[in-house]
Amino acid sequence: MTELDGTLTDLARMRSVGEPIVSLYLDVHWADEQQRERVRLFVHERVRQTLAHYPPGTPDRPALDRTLHRVLDHVARLTSQEEAPEKHGLALFACEALALWRPMSFRRTFTPELCTDGIPHLTQLARLADDFEPAVVVVPNQAGADVYEVRLGDLAVESSLRGFVPRREKDTFDPGAARPGQHFERQEKDARHQDTFIRKNRRAAAEEVQALLARTPGAHLVLVGTAGNVAAFERALPERLRARVIARLPRPREWESADGARRDGVVAGAAEAVAVHEREAERRVIEALVGEALRGGLGVVGPEDVVQAVNEGRVHRLVLEEDFQRAGWQCDRCTALGASHGADLCPYCGGDLHTVQQLGEALVARALAGGGEVEVVAHANRLHGYRGVGAFLRQTAATGLRGASPPWPTAPGASQP
Ligand SMILES: [Zn+2]
């Protein structure tokens, strides 16, 4: 679950039969003039190539032309600045007929891509959502904790949690207070006070973090500080929250410096921790998926079986290699997808077929539109052996489709895109 889930599902449900949907992904991070020019040229060249497929006089050309020029204007505004935008990744989806114009900026970059299709190309966006699951970074201190919420690889919220402590005690433990000036006989009492004070604040901060994580399902917890501080804070957390700790990091040196550098350090530290966690999670997901498929459980691997599951609306979670490249077909009448080559007519309804150049994008859109999740994984040998795609299935009992009824609704248009 990430905050992009709603956006992905909304976009995945869009399709256009006439004027195609433009999907643009860009890396708008440039260090010099040459790189900036490269971004500009890429977009111009791709727009030119795209329009070449729509000779003047074709019905969809005028609207597509306007949309692409709007895209060019948008990119021109970005590249007219000498300084690269603070957010390095641009994703933009546009289609005049659908009144769709959705530019989105992210800290992380994308592989440059501009394409037109009947559906938006969502694989890169799905990958971003799934690689940058939200993280809550907690830096415990004597007064409570500093907390940073990192979403989609960017700092979203920064806050200080402070315990409820009488001012006098708080003053006593201000690091700037002049301790040498205090009376000797008070020191032991002060030490006891200090322990109580720190414990109370730790407990209060732990409760706040608990409330915060309850509001952010799926967020990981990253603890930063000395081993002792981190361990003490972790003990103050309930056990189910301890299970969400994915990393314990020493406080990086740059955190002592200015706010900007500290924030960058927080984001980088959290992103790295989430990335390490994600790589491990991907490995486990693939193992589990192949295991399910091999024992005939709720999993399938390979394009043919996955396409069939997608057609039947049974995909709970699509797992796709990042470099999955394969063409397929789609039925003009019932919109079923196919992975095989050489089919003439739709095996479900006998309708005519047209070629889908990027079957992966079609599978991603269909899975998301049906309420499923998409996990884009790095090139992995185990999944690659099954041609880079697999899917966890929903409990078949819910739809009763498996083997019981025709695998695909017979009424044309009865299905999702
Ligand atoms: Zn069909």
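We now turn to the structure provided with this report. Bear in mind the structure is a predicted one, so any value in this text is a computation, not a measurement.

### A word on the packing of helix α2 (residues 33-52) against helix α3 (residues 61-79)
The relative placement of two packed helices is expressed as an angle between their axes plus a distance between the axes.
Piece 1. Running from N to C, α2 and α3 cross one another at 180°; their axes reach a closest spacing of 10 Å. Viewed along their axes, α2 and α3 adopt a mutual orientation that is roughly antiparallel. Where α2 approaches α3, its residues Arg36, Val39, Arg40, Val43, His44, Val47, Thr50 and Leu51 are matched on the opposing element by Arg61, Leu64, Asp65, Leu68, His69, Val71, Leu72, Val75 and Thr79.

### Here we look at the coordination of the zinc ion
Piece 1. The coordination sphere of the zinc ion, as far as protein atoms go, consists of Cys331 (SG), Cys334 (SG), Cys346 (SG) and Cys349 (SG), spread over 2.3 Å.
Piece 2. In the primary structure, the donors to the zinc ion are separated according to the pattern C-x2-C-x11-C-x2-C.
Piece 3. On the basis of relative accessibility, which here comes to 4%, the residue Cys346 falls in the buried class.

### A look at the pattern of salt bridges
Should the charged atoms of two oppositely charged side chains come close, the side chains can pair.
Piece 1. Within this structure, the stated rule accounts for 20 salt bridges.
Piece 2. The partner of Arg314 in a salt bridge is Glu312, with the nearest N and O atoms 2.4 Å apart. Just as Arg314 is buried, Glu312 falls in that class too.
Piece 3. Beyond isolated ion pairs, a larger network of salt bridges with shared partners links Arg108, Arg127, Asp131, Glu282 and Glu322.

### Re the sheet that holds strand β13 (residues 337-338)
Piece 1. Read across the open sheet, the three strands follow the order β13-β12-β14; overall the sheet is antiparallel. In the strand order of this sheet, the two ends are held by β13 and β14 (353-356), each with one partner.

### Looking at the environment of Pro120
Piece 1. Following the sequence through the fold, Pro120 ends up in the loop between β4 (113-117) and α4 (123-131).
Piece 2. Sequence separation between Pro120 and Ala94 is 26 residues; the distance between their C-alpha atoms is 8.6 Å.

### Side note on the sheet that holds strand β10 (residues 299-301)
Piece 1. Strand order in the open sheet formed by four strands is β10-β16-β11-β15, and the pairing between neighbours is mixed. Both edges of this open sheet fall to β10 and β15 (373-377), since each of them pairs with a single strand only. Neighbour to neighbour, the strand axes of the sheet diverge by 15° on average, direction disregarded.
Piece 2. Where strand β11 (residues 315-321) and β15 come together, five bridges link them in parallel fashion.

### Regarding the side chain of Thr216
Piece 1. Residue placement: Thr216 occurs in the loop between α6 (187-215) and β8 (220-224).
Piece 2. Overall, Thr216 belongs to the buried group, its relative accessible area being 8%.
Piece 3. Among the polar contacts listed, one links the side chain of Thr216 to the backbone oxygen of Leu212, at a separation of 2.9 Å.
Piece 4. Those residues in contact with Thr216, other than ones at most four positions away along the chain, are Pro134, Glu149, Arg151 and Arg244.

### So, the packing of helix α1 (residues 5-12) against helix α11 (residues 359-369)
Piece 1. The geometry of α1 relative to α11 is characterised by a closest axis approach of 8 Å and an angle of 115° between their N-to-C directions. Taken as axis vectors, α1 and α11 run roughly perpendicular relative to one another. Helix-helix and strand crossings are classified by hand; for α1 and α11 the assignment is left-handed. Within the contact between the two elements, α1 uses Leu8, Thr9 and Ala12 and α11 uses Ala365, Leu368 and Ala369.
Piece 2. Taken together, the residues that form the contact of α1 with α11 break down as five nonpolar, one polar and no charged.

### Overview of the pairing of strand β2 (residues 89-95)
Along any regular strand the residues' side chains alternate between the sheet's two faces.
Piece 1. Among the seven residues that make up β2, seven are buried, leaving the element largely enclosed by the rest of the structure.
Piece 2. Burial along β2 is two-sided: the residues Gly89, Ala91, Phe93 and Cys95 and Leu90, Leu92 and Ala94 are all buried.
Piece 3. Pairing of strand β1 (residues 21-27) with β2 involves six bridges; the strand directions are antiparallel. Across the sheet, Leu24 pairs through a bridge with Leu92, a residue of β2.
Piece 4. Here β2 runs beside strand β3 (residues 100-106); their pairing, made up of seven bridges, is antiparallel. Bridging across to β3, Leu90 finds its partner in Ser105.
Piece 5. Between β2 and β3, which pair antiparallel in sequence order, lie four residues; one of them, Ala99, sits at a positive phi of approximately 50°.

Thresholds, definitions, all that
Residues numbered from 1 in each chain as written. Predicted model: local features only at pLDDT ≥ 70, side-chain atom pairs only at ≥ 80, totals over all residues. Heavy atoms only, no water. Axes fitted to C-alpha atoms, helices over the stretch in contact; angles between N-to-C directions. Helix = DSSP H or I, 4+ residues; strand = E, 2+ residues; numbered from the N terminus. Parallel < 35°, antiparallel > 145°, perpendicular 65-115°, else oblique. Contact = heavy atoms within 4.5 Å. Donors = N, O, S within 2.8 Å, 3.2 Å for Na, K, Ca; no water. Buried < 20%, exposed > 50% of the residue type's maximum accessible area, 1.4 Å probe, protein only. Salt bridge = Lys/Arg side-chain N within 4 Å of Asp/Glu carboxyl O. Pairing = 2+ DSSP bridges. Polar contact = N/O pair within 3.5 Å; in protein donor to acceptor, adjacent residues only side chain to side chain. Left-handed = near helix turned anticlockwise from the far one by under 90°. Nonpolar A, V, L, I, M, F, W, Y, C, P; charged D, E, K, R; others polar.

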